[in-house]
Amino acid sequence: MSHLDDGTIAELIDGELEDAARDAALLHLAECAACRARHEESRSFATESDRLIATVAPPRAVRGVGLPPTARPGWRVPWRTLGWAASVLLATGIGYYAGVPGEVAGVPESPRAVRPAADPQELARSEAPAPVSPAPQAGDETRSQAAADTPARPPELAKREAQAAAPAERDRQSVRAFALAPAAEAPLAQGKSAPQAADLATVSMEEALPALGGTIRLIDGMTPRQLRRLVPEPGAGPGNQEGVRVVYLDPPSRELWLDQRRLAAPGEDAAKAGNLLAGDTILVTLADGRRRLEWLDPAGFHLSLSGFLPADSLRSLAGRIR
Amino acid sequence: MPPAPLEQLFAQYYQPLVRMLYRRTGDQDRAEDLAQETFTRALAAPPEHPRPWLFAVALNLVREDGRRAVRQGRRLQLLKGELEGAGEGADEAFQRTAESRAVRAALDELRDLDREVLLLKAEGFDYDEIAAATGLARSAVGTTLTRARRRLVEGYRAQEKDRHVAS
């Protein structure tokens, strides 16, 4: 038998050889001193490298580990049903805005400039966001999974969705509760979120929609956990109207906020509201560590997405807002 | 097999992912950010075979990260945090930190693929999973590991020798 190569010796050490190959290798080692020496050396290096790597460990407790096990009382809102209603209303809104240049929502693909925010604790210059990509094509099995998971639709909703065609179809699939199973609704994360003056009591979808003039933007592929009404902030500039906060949970169950405010009442000029111009994107890091991405929607809405996620993740999620 | 719920993936893989990323980057904040970004991507495309997928995505994110100067800056802050480890004497903490630093320096000297294979093996990946996560041929995993282990140990010994000579 020829000598054992390094790969075979490594497989023997790591228990990766099939029985017959292992027996043959052991037999050779019993007869070949040179291979025995190489085997011993490789085993020594393997043991030492394992020991060395084990000395490198995060110095503090890894944050975000462990999702709350119990369901939060009171959150029996039928999100799937409301998700259907939202998708229908969104489809209706898309149809209404079809004649308006630009899309209903979303981050501009190429912001021309980044302008300083009014209240940053730490200001990060915004890079051009990642190109807005269509809903991820996760493969036929994912779409069929989505179709299999989708509950039966009332006939009137099905008819409206058929009329709205592709956008509604995508929204119907995207509202499927993939991220968090309905039976394990987690309590909202405590601690890091600083309460904001604009937060008010939670509202239902039916109560929230009038604040935005009939449409609400959602993140494709994520299930909203809560809706809150946002009142005009004290001291804000002209044109600042009330709005809605859609609350999601990120993987460690911390709140992710999609805030949307109408900048102007219907008929008013929203172009000069606030510190933003259409096409600008602002990235701000707040005192509590939350990052916030803000931009203007061509339809006259101020949108912001904030959470304890990296900036790239926020941009990626912003690109999925419909 | 349908994709596992995200909570299950998170509970099972978040901590090992952060640990691997920390060993790869030397920066716990960055490691946690990258791990969270990895799971954010899992929201969009739930993987059928989560372990190699999650670690492969995480390693890709590290490769895309070009902010080496920022990482080096954070590493100085991290060193301070390590020295303040609770429940240890100052000498023990310093020794552990010095060894950990030497190991990270030796890891940094490895080729990317060698380092990744080594770190995945340390997380209990078998050869098939390492091949799936790195794109390496399964038949090449053994030789890559052999080379990586040798270079890590030799690199660490060289670091320790320099440290003792300097002190």
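The rules behind each value
Residues numbered from 1 in each chain as written. Chains lettered and ligands numbered in written order. Predicted model: local features only at pLDDT ≥ 70, side-chain atom pairs only at ≥ 80, totals over all residues. Heavy atoms only, no water. Helix = DSSP H or I, 4+ residues; strand = E, 2+ residues; numbered from the N terminus. Buried < 20%, exposed > 50% of the residue type's maximum accessible area, 1.4 Å probe, protein only. Contact = heavy atoms within 4.5 Å. Areas by Shrake-Rupley, 256 points an atom, 1.4 Å probe, with all protein chains shown as cover. Buried area = accessible area lost by both parts, 1.4 Å probe. Salt bridge = Lys/Arg side-chain N within 4 Å of Asp/Glu carboxyl O. Axes fitted to C-alpha atoms, helices over the stretch in contact; angles between N-to-C directions. Parallel < 35°, antiparallel > 145°, perpendicular 65-115°, else oblique. Left-handed = near helix turned anticlockwise from the far one by under 90°. Nonpolar A, V, L, I, M, F, W, Y, C, P; charged D, E, K, R; others polar. Phe/Tyr/Trp six-rings, centres within 6.5 Å; stacked < 30°, edge-to-face > 60°. Expected span 1.5 Å × (residues − 1). pLDDT = per-residue confidence, 0-100. Disulfide = S-S within 2.5 Å. Core = buried A, V, L, I, M, F, W, Y, C linked by side-chain atoms within 4.5 Å.

## What about the overall build of chain A?
Each helix and strand counted, chain A has nine helices and eight strands in total. Relative to its full complement of 322 residues, chain A shows a buried share of 48%. Excluding contacts between residues fewer than 6 apart, the proportion of contacts in chain A whose partners are at least 24 apart in sequence is 65%. Here chain A has roughly 15600 Å² of accessible surface; of this, 55% comes from carbon and sulfur atoms.

## Here we look at the overall build of chain B
Secondary structure summary: chain B contains eight helices and zero strands in total. Across chain B, helices and strands are ordered from the amino to the carboxyl terminus as α-α-α-α-α-α-α-α. When each of the 167 residues of chain B is scored for burial, the buried share is 52%. Counted over contacts in chain B with a minimum sequence separation of 6, partners at least 24 positions apart contribute 61%.

## Quick notes on the interface of chain A and chain B
Counting from both sides, the interface comprises 51 residues of chain A and, opposite them, 49 residues of chain B. Across the chain A/chain B interface, buried area totals approximately 4600 Å², and carbon plus sulfur atoms make up 62% of it. Counting across the chain A and chain B interface gives six salt bridges. Across the pair B:D33 and A:R291 runs a salt bridge, and its minimum N-O distance is 4.0 Å.

## Things to note about the side chain of B:E37
With respect to the helices and strands, the residue B:E37 is situated in helix α2 (residues 28-44). B:E37 gets classed as buried once you look at its relative accessible area, which sits at 5%. When residues no more than four places from it in sequence are discounted, the contact partners of B:E37 are A:P310, A:D312, A:S313 and B:L61.

## Looking at the packing of α2(B) against helix α3 (residues 50-64) of chain B
All names here are of chain B. Remark: α2 packs on α3, axes separated minimally by 9 Å, with the N-to-C direction vectors making an angle of 125 degrees. One element, α2, and the other, α3, form an angle in the oblique class. In the crossing of α2 with α3, the sense of the turn from one axis to the other is right-handed. Taken together, the residues of α3 that come into contact with α2 (itself represented by L34, E37, T38, F39, R41 and A42) are W53, L54, V57, A58, L61, V62 and E64. For the contact of α2 with α3, the class distribution of residues is nine nonpolar, one polar and three charged.

## Describing the packing of aromatic side chains
Residues and elements named next belong to chain B. On inspection of all chains with the given rule, the structure shows four aromatic pairs over all chains. Ring plane angle 50 degrees and centroid distance 6.1 Å describe the contact between Y14 and F39, whose orientation is recorded as tilted. With a gap of 25 residues between them, Y14 in helix α1 (residues 6-25) and F39 in helix α2 connect regions that are remote in the sequence. Given a relative accessible area of 1%, Y14 falls into the buried group.

## Looking at α3(B)
All names here are of chain B. Helix length check: α3 (15 residues) gives 21 Å between terminal C-alpha atoms against 21 Å at 1.5 Å per residue, within 8%. For α3, the buried fraction is high: eleven of the 15 residues fall into the buried class. For α3, the secondary structure elements touched by its buried residues are α1, α2, α6 (112-122) and α7 (127-134).

## Observations concerning the pattern of salt bridges
Inspection of every chain in the model, using the stated rule, returns 27 salt bridges over all chains. Notably, a salt bridge pairs B:R149 with A:D14, separated by 3.0 Å at the nearest N-O pair. Of this pair, B:R149 sits in helix α8 (residues 138-166) while A:D14 sits in the loop between α1 (6-13) and α2 (19-31), which puts the two residues in different chains. Per residue, the accessibility class of B:R149 equals that of A:D14, and both read buried.

## Re the confidence of the model for chain A
All names here are of chain A. Within chain A, residue pLDDT values average 65, and 48% of them lie at 70 or more. Here residues 96-153 scores under 50 on pLDDT; set against residues more than four positions off or in separate chains, the count is 94 contacts. Of the regions scoring below 50 in pLDDT, residues 160-198 engages in 90 contacts with residues more than four places distant in sequence or in other chains.

## With respect to the state of the cysteines
Residues and elements named next belong to chain A. All told, the structure shown has zero disulfides over all chains when counted by the stated rule. Left unpaired, C32 is separated from the closest cysteine sulfur, that of C35, by 3.6 Å. Its relative accessible area of 10% is what places C32 among the buried residues.

## Things to note about the nonpolar core
A:I219, A:L256, A:L305, B:L21 and B:F39 are the most contacted members of the largest nonpolar core, which has 79 residues in total. The dominant element in this core, judged by the number of residues it contributes, is α1(B), at ten residues. Among the nonpolar cores identified, the runner-up in size contains eight residues, and A:L4, A:I9, A:L12 and A:C32 belong to it.

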